[in-house]
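Per-entry structural report
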Amino acid sequence: MDEALRRIEEAHRTKSTFLDLSDLGLDSLPPDLFELTHLTSLDLAGNKLTDLPADMAELQSLSDLTLNGNPLGKVPTAVAALEDLIDLGINGCGIMALPDWMARLSRLSALWMQENGLVEVPAWIDSLKGLTHLDMRGNRLHTLPASFARLRQLLRLRLTLNRFTEVPAPIFALPNLSTLEVDENYLDTVPDDISRLTRLVELSVQKNQIRYLPGSLADLRHLEYLEVAGNPLVSPPPEIAVGGSKSIIEFLKARRAGVEPMWASKVLVVGEGGVGKTSLVKALAGTEYDHNEPSTHGIRIEHLDLPHPTRPGVEMQLNAWDFGGQEIYHATHQFFLSNRSLFLLVWNARHGWEQGRLRYWLDIIKARAPESPVILVVTHAEDRPVDFPLDDLKREYPQIVISTAVDNRTRQGIDALRDTITEQAAKLPLMGAEWPKTWLKAAGTLWDCEVNRVAPDDMWQMMSDAGVEDPVQQRYIAKALHELGDILYYSEDPELCDTVILQPEWVNSYISKVLDSPEVEASQGLLTRTHLRELWRGLDRGTSDHFLSMMDKYDLSYRVDGRPDDVSLVVERLSWNPPAYQDLWRGMAGRQEIRVLYRLNTMPPGIPTWFIARSHRFSISMHWRTGAVLKHGDHLALVRADAHRKTVELTVRGPSPAAFFSILDDGLNRTLDRFPGLEIRREVPCRCDGECTELFNYDNLSKRLTKIPPKYTIECHRSGDDVDIRSLLLGLAPSSRDVTVMSLDQIDRRLIRIESKVDENAEYNQRMFMRLQHIAQTQQETRCPSVFALVQLKKRNFELHLYCEEPGAWHRLPEPEGVYAIKQPYEWVRKFGPHLQRVLKVLKYTAPLAGPVLGITVDQLSQQLKADCDLMKELVSRAPETFRTEAHAGDDIPSVRAEHDADFRALEAMLLELDEKRVWGGLSRTTTPEGLTLYLCSEHRKAY
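Conventions adopted
- Residues numbered from 1 in each chain as written.
- Predicted model: local features only at pLDDT ≥ 70, side-chain atom pairs only at ≥ 80, totals over all residues.
- Heavy atoms only, no water.
- Helix = DSSP H or I, 4+ residues; strand = E, 2+ residues; numbered from the N terminus.
- Buried < 20%, exposed > 50% of the residue type's maximum accessible area, 1.4 Å probe, protein only.
- Contact = heavy atoms within 4.5 Å.
- Areas by Shrake-Rupley, 256 points an atom, 1.4 Å probe, with all protein chains shown as cover.
- Pairing = 2+ DSSP bridges.
- Axes fitted to C-alpha atoms, helices over the stretch in contact; angles between N-to-C directions.
- Core = buried A, V, L, I, M, F, W, Y, C linked by side-chain atoms within 4.5 Å.
- Domains from an automatic or database assignment.
- Phe/Tyr/Trp six-rings, centres within 6.5 Å; stacked < 30°, edge-to-face > 60°.
- Lys NZ or Arg CZ within 6 Å of the ring centre and 35° of its normal.
- Parallel < 35°, antiparallel > 145°, perpendicular 65-115°, else oblique.
- Left-handed = near helix turned anticlockwise from the far one by under 90°.
- Nonpolar A, V, L, I, M, F, W, Y, C, P; charged D, E, K, R; others polar.
- Salt bridge = Lys/Arg side-chain N within 4 Å of Asp/Glu carboxyl O.
- Polar contact = N/O pair within 3.5 Å; in protein donor to acceptor, adjacent residues only side chain to side chain.
- pLDDT = per-residue confidence, 0-100.

Turning next to the overall build of the chain. Assigned secondary structure in the chain consists of 27 helices and 38 strands. Taken over 944 residues, the chain has a buried fraction of 55%. Partitioning the intrachain contacts of the chain with sequence separation of at least 6 by distance along the chain shows that 57% fall at a separation of at least 24. With the model as given, the accessible surface of the chain reaches about 41,400 Å², and the carbon-plus-sulfur share is 47%.

Pairing is antiparallel in the open sheet, where seven strands are placed in the order S25-S26-S27-S28-S24-S29-S30. Looking at the sheet topology across the chains shown, the edges are occupied by strand S25 (619-624) and strand S30 (695-697). Averaged over all pairs of adjacent strands, the angle between their axes in this sheet comes to 20°, without regard to strand direction. Here strand S27 (residues 635-642) pairs with strand S28 (residues 647-654) via seven bridges, running antiparallel. Bridge assignment links Ala641 to a residue of S28, and that residue is Val648. Along the sheet face, helix H18 (residues 658-672) touches strand S24 (592-600), strand S26 (627-632), S27, S28 and strand S29 (680-685) and points at about 10° away from the line of S24.

With antiparallel pairing, the three strands of this open sheet are ordered in space as S21-S23-S22. Each edge of the sheet is formed by a strand with only one pairing partner; in this case those strands are strand S21 (526-527) and strand S22 (557-559). Taken together, the two bridges between S21 and strand S23 (residues 568-570) define a ladder with antiparallel strand orientation. Looking across to S23, one finds that Leu526 is bridged to Leu569.

As a further point, take the environment of Leu98. For Leu98, the location among the structural elements is in the loop between strand S4 (87-89) and strand S5 (110-112). C-alpha separation for the pair Leu98 and Met113, spaced 15 residues apart in sequence, amounts to 9.8 Å.

So, on to the nonpolar core. Counting 112 residues, the largest nonpolar core has Leu42, Met56, Leu65 and Trp435 as the members making the most contacts within it. Sorting the residues of this core by element identifies helix H1 (2-14), helix H2 (238-242), helix H3 (245-256), strand S18 (433-436), helix H9 (437-447), helix H10 (456-465) and helix H11 (471-484) as the ones contributing at least two each. Sort the elements by how many residues they give to this core and H11 lands first, with seven residues. Among the domains, domain 1 (1-230) and domain 3 (433-571) are the pair contributing at least three residues each to this core.

Moving on, we get to the packing of aromatic side chains. Following the criterion strictly, the structure yields 14 aromatic pairs and no others. When the ring of Tyr581 is compared with that of Trp624, the centres are 5.1 Å apart and the planes differ by 15°; the resulting orientation is stacked. Here Tyr581, found in the loop between S23 and helix H16 (582-586), pairs with Trp624, found in strand S25; they are 43 residues apart in sequence, far enough to count as distant. Under the relative-accessibility criterion, Tyr581 is labelled buried at 8%. Taken together, Phe251, Trp435, Trp439 and Tyr476 form an aromatic cluster joined through their ring pairs. Above the ring of Trp321, the side-chain terminus of Lys266 is found at 4.6 Å from the ring centroid.

Let us look at the packing of H9 against H10. Where H9 meets H10, the axes come as close as 8 Å, and the angle between the chain directions of the two elements is 135°. Considering their axes alone, H9 and H10 lie oblique with respect to each other. Considering the relative orientation of H9 and H10, their crossing is right-handed. The segment H9 lies against H10, with Ala442, Thr445 and Leu446 engaging Met459, Met462 and Met463. When the residues that make up the contact of H9 with H10 are grouped by side-chain class, the tally is five nonpolar, one polar and no charged.

If you walk through the whole model with that rule in mind, you get 30 salt bridges. Between Arg595 and Glu593 there is a salt bridge, with its nearest N and O atoms 3.9 Å apart. The class of Arg595 is partly exposed, set by a relative accessible area of 28%. Classification of Glu593 by relative accessible area gives partly exposed; the value is 32%. Where Arg653 meets Glu593, a salt bridge forms, and the shortest distance between an N and an O atom there is 2.7 Å. Separated by 60 residues along the polypeptide, Arg653 in strand S28 and Glu593 in strand S24 bring together distant segments of the chain. One salt-bridge network, held together by shared partners, links Glu593, Arg595, Arg640, Glu649 and Arg653.

Turning next to the side chain of Ser147. Take Ser147: it is sitting in the loop between strand S6 (133-135) and strand S7 (156-158). With relative accessibility at 5%, the residue Ser147 sits in the buried group. Side-chain polar atoms of Ser147 contact the backbone oxygen of Ala123, separated by 2.6 Å. Excluding residues within four positions of it along the chain, Ser147 makes contact with Pro122, Ala123, Ile125 and Asp126.

Below, the discussion takes up unusual backbone geometry. Peptide bonds are mostly trans, and most non-glycine residues show a negative phi. In the segment running from Ser235 into Pro236, the intervening peptide bond is cis, with an omega of 5°. Mapping Pro236 onto the fold places it in the loop between strand S10 (225-227) and H2. Omega for the peptide link from Glu815 to Pro816 comes to 10°, which places this bond in the cis form. By secondary structure assignment, the location of Pro816 is in the loop between strand S35 (811-812) and strand S36 (819-822). Its identity as a non-glycine residue notwithstanding, Gln524 has a phi of 55°, on the positive side. Within the element layout of this structure, Gln524 appears in the loop between helix H13 (518-522) and S21. The phi dihedral of Ser621 falls on the positive side, at around 60°, and the residue is not glycine.

On to the confidence of the model for the chain, then. Model confidence for the chain is summarised by a mean pLDDT of 81, while 81% of its residues fall at 70 or above. By mean pLDDT, the top-scoring element of the chain is S6 (96), and the lowest-scoring one is helix H21 (residues 736-741) (44). Below pLDDT 50 for its whole length, residues 733-760 participates in 85 contacts with residues either more than four positions away or in separate chains. Here residues 879-902 is modelled with pLDDT under 50, and outside its nearest four sequence neighbours on either side it reaches 32 contacts, counting other chains as well.

Okay, here's the thing in structure tokens:
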């Protein structure tokens, strides 16, 4: 109460028209308040008020009243006397109904009614004829009265988190509506009547059940922001929707011109070698049986034409991918096992189901394509009974739809299998998807192309000539054809994006030659340029380099630096026996150590060899088929996989292992993420003493840290000691799987609480900052830098300085590169103040670099960093008082740094005002092998 009285006295003395009494714990209002008859704006939010006194009538000049977060239970009657109110905020006050007397508040322009218990909007709502802003998010509304249509001045309407099953019809009669937000309701459609809102600028229908967007949206000439994320969209496809409003509208226009169903999909034939997969595919295609059928090396693709089971005259085309079953090919297959396909898992009845490794293959399918149906096919049945635990397998793997027996030689069971494939193929997600006719024409130009590869620019031109000019639609067509297996195009990989492979089996045949090479096997994975020319005789140098880059992309190999004979290491041909690494590893005993066990439900092919290839920049040539020793600065890491126990163990030792561990942990998680259905449990060893064998579940530890208040310790069941959770989780960043079940705020709290243990570890802090930025942008690519300093030079001169984002080596660029004059600094602080504060915190602990960068000496870099920190600290600390007066009502200000895609778009937009050509001072957008997107200077980019 003392603070309230002080503020009231201050307002009385200065004749201020605004008074902030929010969050003071008031359960009643001081009588002195009602003497401030000059007040026009009063903020009482976040107190304990249950009602307002009749004396409120004294404040007749009030136009703005905020009561948010008080336990009122109803709109206070005293408000009725304030007939000049323009803005009324009563969010989160437990109000179940709006009283009739509110109809007298005829001057009301903005009404904020979020998170109450409203079940209906009263019919008198049209009495508020001047209403321009109405926010009723988080209530229990399911309809609007017909009188709502008479709110002719309404500009912004927010109805998120209610119970609407359709967009209420009265809304379509609002001629001036510019913003409509109906997120997180139960909508399954957007009606064509939406086109009546001719002034609509922003429409948000996120997180509903909408599958189809109407073409009438394309008629809204002023529509700039169309937010549809979180819906099970079929038309437009989700990939088009992610491209933004313009791409959606362009798709809707193309759809209007005519659509045709795309009757094509993919069937994948997998199983051990020698079980008859190739003979099965040929039998399904009607080809004669060959007793001397050679073994498949890599992949063969056969086209199957099948009649649709319920649509007469419709023929479905299946691309049947026949995979070589030898163990060495398993790692290459993973990149073609897509989740929109049908699987035939083939095994030989003569060998038995256990030798056919059904559980192994079912685990791989479940991990890589968890939603795809599986048909079990038993070959060589020859009228003999087939005995295997089908019921048990169906319980364990619900993807199994049926098991059938065939004989490829006699064709017994082949016709029945074709019928089953036909029935299941008709249900596949891509089968029958509606494509605009221009899309099919564009795809046809690629299907009919007779060359094996083309440049992307040529592909885009071919699509443009076919009538598809929108780049987002072009990329979608390319991606869909890539998933169907018709082409190979890695648009996001800087080394592979310059070529489109139009015949995927062509490139796979060449890669198989490397894997099959006896010389490569004998040399334990070493592949020289000389031997590569022999294996790939006839290929030009450019194509050969591209195929080798594809092997690197697949993590099947990597280039070995410093070798005069231009050597690559093929990791699937590494020796099974480890080199003598034990003495080196034991020499690090006694140093700080971080160790984590990854327990899997199956050990997929490519683990850990893909990870070894991904982490090759840390290689010291100590690697084998199931493990490696890696080095970074003064730190060593040991990774070991145990296929029998289905575990991967990662350990890092050194003076400060958190940063190196976080890099490797990210890389290993990114490798495991290739298998979306893989079950992963991370277990963290106890550190109560050197001999303790207790293992803590990572998820449980993480949840304890995110609680409010957090739990910082956990009891070791073996010793009974309390163990510090922050020390246990040091270096362990949330994986992409964690992101799906944890909010950004929870992840942020967890990281911040761990950071308190390593405030002065610059590389760790900078890496975690970039990791959090990456998590926050899961719905869009990182398209602009996010590390910068905002400083004041002279009285009214401000500059923005971009930084290289290499973790552990953040630094300013050599002037004048990356330096921009800022005309409205407090606009930046107002919108991105929390982001700047976090940048400042991380910059503060940046250690001096080991050497000069881009010609700038270490001393100069350190002086620049200190100056930027001091100036930005002064600006941020001074900002709240200054920017409060510059904020305008209704502005969308991010609540916490950039938490959502929209916030990052806002950051990008403001940076583009400074650098419309995206030069960014020479910083290059770089994606690390661990999946972080960084903007790096030319010197630091070399490392990647």
